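A look at the structure
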Amino acid sequence: VPGRPGGGGGHDTNPFAHAEAVRRMAQNVLEQIEMRSGQLDQRQLMQMSELLRQIDQVMTNGSSQPIVEPIAPVRLNTVSGMMESLSFNFSYLDLNELNSQCLDFLELRRPGAVDDISLNVNSRPTIRLRNGPSYWRGSQICDQIIHNVR
């Protein structure tokens, strides 16, 4: 992706680099739309449109043919649940990605003090976490989730 570290700006043939760039851009667009649904003005809609155009450009590399060849599907792990009254749903390849998604979620939703978390990992039975004597805050919340998905 031109102008991005590791993007090269040329014809990078690594499909994983392109897929990651697209995933990041799409995630950004979806987060912006979700955060501000119903509040987007014309300028913001134009910005979202530009991001979607960039996603299309990355996927086609400016041509009519996609640049990413079909590859074998990668199995994502999923964890969903509730922390207090906030629901969450993360799909991730590794625990670093899970931690990053969790921290982004906390920054976006700002749950504050949490002492009750329920987790459903890869459709297994629900795990309930309760911090009776205290509360988890910030990254402690993500630490609890990560510890219980291993």
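Residues numbered from 1 in each chain as written. Predicted model: local features only at pLDDT ≥ 70, side-chain atom pairs only at ≥ 80, totals over all residues. Heavy atoms only, no water.

Digging into the confidence of the model for the chain
Interpretation of this model should avoid reading the predicted coordinates in detail wherever pLDDT is low. Cut-off, in case you're wondering: pLDDT measures the predictor's confidence residue by residue and takes values from 0 up to 100. Runs of H or I in DSSP of at least four residues are treated as helices and runs of E of at least two as strands, each being numbered from the N terminus.
Scored by pLDDT, the chain has a mean of 77; 63% of the residues are at 70 or more. Confidence scores differ between elements of the chain, with helix α1 (residues 15-36) showing the lowest mean pLDDT of 67 and strand β4 (residues 127-130) the highest of 96.

Side note on the packing of aromatic side chains
Applicable threshold: For Phe, Tyr and Trp, where Trp contributes only its six-membered ring, two rings pair if their centres lie within 6.5 Å, and the inter-plane angle classes them as stacked under 30 degrees, edge-to-face over 60, or tilted in between. In this scheme, a residue with accessible area under 20% of its type's maximum is buried, one over 50% is exposed, and one in between is partly exposed, where area comes from a 1.4 Å probe on protein chains only.
Tallied over the entire structure, the rule returns 3 aromatic pairs. Ring centres of F88 and F90 lie 5.2 Å apart, and the angle between their planes is 20°; on these two criteria the pair is classed as stacked. Residue F90 is classed as buried on the basis of its relative accessible area of 4%. Judged by centre distance (6.2 Å) and plane angle (65°), the ring pair of F88 and F105 falls under edge-to-face. Placement of F88 in strand β2 (residues 86-92) and of F105 in helix α3 (residues 95-109) is noted, with a sequence separation of 17 residues between them. Take F88 and F105: they sit in the same class, and that class is buried.

Considerations on the sheet that holds β2
Rules: Whether two strands pair depends on DSSP finding at least two bridges between them. Axes here mean lines fitted to C-alpha atoms, for a helix over just the part in contact, with angles spanning 0 to 180 degrees between N-to-C directions.
Spatially, 4 strands are ordered β2-β1-β3-β4 in an open sheet, and the strand pairing comes out antiparallel. The open sheet has two free edges, formed respectively by β2 and β4, since each of these has just one partner strand. Averaged over all pairs of adjacent strands, the angle between their axes in this sheet comes to 20°, without regard to strand direction. Looking at chain direction, strand β1 (residues 77-83) and β2 are connected through 7 bridges and run antiparallel.

Some remarks on unusual backbone geometry
Positive phi outside glycine occurs at E84, with the angle close to 55°. Exposure remark for E84: the relative accessible area of 34% places this residue in the partly exposed category. Its identity is not glycine, yet R110 carries a phi of approximately 45°, on the positive side. Mapped onto the fold, R110 is located in the loop between α3 and β3 (116-121). Owing to a relative accessible area of 64%, R110 belongs among the exposed residues under this scheme.

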